[in-house]
Amino acid sequence: MELTDAQRPLVLVHGLLDTPRLFSRLERRLESHPRPVLSPHLPHRFGATPLRVLAEQLDELIQDHWGAETPLDLLGFSMGGVIARIWLQELGGAKRTHRFLSVGSPQRGTLTAQCIPSWLFAGLADMKRGSPLLNVLNRDSAKLQQVDCISFFCRWDLMVFPGWQAVLPIGRVQEVPVFTHQQLMSQPRSLDLLTESLLID
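Predicted model, so just to flag it, every value in this text is computed and none were measured. (Residues numbered from 1 in each chain as written. Predicted model: local features only at pLDDT ≥ 70, side-chain atom pairs only at ≥ 80, totals over all residues. Heavy atoms only, no water.)

## Examining the overall build of the chain
Along the backbone of the chain there are 6 helices and 6 strands. The order of helices and strands in the chain, counted from the N terminus, is β-α-β-α-β-α-β-α-α-β-β-α. Taken over C-alpha atoms, the radius of gyration comes to 15 Å for the chain, in line with the 17 Å a tight globule of 201 residues would show. If you line up the chain on its principal axes, its C-alpha atoms span 45 × 35 × 30 Å. In the chain, the proportion of contacts linking residues at least 24 apart, taken out of those at least 6 apart, comes to 72%. As presented, the chain carries roughly 9,200 Å² of accessible surface, and 55% of it is formed by carbon and sulfur atoms. Put simply, the chain has 20 plus and 20 minus side-chain charges, and the middle of one group is 6 Å from the middle of the other. (Helix = DSSP H or I, 4+ residues; strand = E, 2+ residues; numbered from the N terminus. Rg over C-alpha atoms; globule rule 2.2 N^0.38 Å. Contact = heavy atoms within 4.5 Å. Areas by Shrake-Rupley, 256 points an atom, 1.4 Å probe, with all protein chains shown as cover. Lys, Arg positive; Asp, Glu negative; His and termini not counted. Charge placed at Lys NZ, Arg CZ, Asp CG, Glu CD.)

Spelled out as structure tokens, the structure:
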């Protein structure tokens, strides 16, 4: 079933230490283009929950809302972008996703997480550069080829470091002219770019 950008449901996946309130500014931008939006709370327990577990929770919530086949768009911020990517590549999400926006997400890992012990904070450790999870995702990203992927990054990002490597292995890449990680979801220029990308059919 083909749906236009105004009809496709939109799923917003928050990151570490965030809640769905993170997306309130973006959702206000989209109010003039009404579409179903799901912005679930995923309890990461300060990074202790493995990202694959959170991706499974995301899958359950999406299926509860729209079944197993309804086409949708997906945006993941920070850790949420990796959770969303697991859903796309390992849980069948790529088959139904039209567009995926990865925003400030450590798709190639972040040095900020490098010293985190996996036995204590498994979810944080999943975001290390060279982590087993990211190695699997980056080694076999073929399923992403059927999705319109766009990576947004902040060059000066200290949460996902180095910031210019916060990109997917395929798809378009857009540097955002902001100075901090959180500004990717709060500054008007960044919100303009995200809104435009979600509304392009």
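## Describing unusual backbone geometry
Geometrically, the link from Phe-161 to Pro-162 is a cis peptide bond, its omega value of 0° lying close to zero. By secondary structure assignment, the location of Pro-162 is in the loop between strand E5 (148-153) and strand E6 (172-175). In this structure, Leu-17 is a non-glycine residue whose phi angle is positive, near 65°. Mapped onto the fold, Leu-17 is located in the loop between strand E1 (10-13) and helix H1 (24-29).

## Thoughts on a nonpolar patch on the surface
Taken together, the side chains of Leu-111, Leu-158 and Phe-161 make up a nonpolar region of the molecular surface, amounting to roughly 300 Å² of accessible area. Within the element layout of this structure, Leu-158 appears in the loop between E5 and E6. A relative accessible area of 65% places Leu-158 in the exposed class. (Patch = residues over 30% accessible without salt bridge, like charges linked within 9 Å, V, L, I, M, F, W, Y side chains within 5 Å. Salt bridge = Lys/Arg side-chain N within 4 Å of Asp/Glu carboxyl O. Buried < 20%, exposed > 50% of the residue type's maximum accessible area, 1.4 Å probe, protein only.)

## Some thoughts on the pattern of salt bridges
The full count for this structure, using the stated rule, is 7 salt bridges. Across the pair Asp-73 and Arg-8 runs a salt bridge whose closest N-O atoms are separated by 2.9 Å. Of this pair, Asp-73 sits in strand E3 (residues 72-77) while Arg-8 is found in the segment before E1, placing the two residues 65 residues apart along the sequence. Residue Asp-73 is classed as buried on the basis of its relative accessible area, which comes to 0%. A salt bridge links Arg-99 to Asp-148, with the shortest nitrogen-to-oxygen separation between them at 2.8 Å. In this pair, Arg-99 sits in strand E4 (residues 97-103) while Asp-148 sits in strand E5, placing the two residues 49 residues apart along the sequence.

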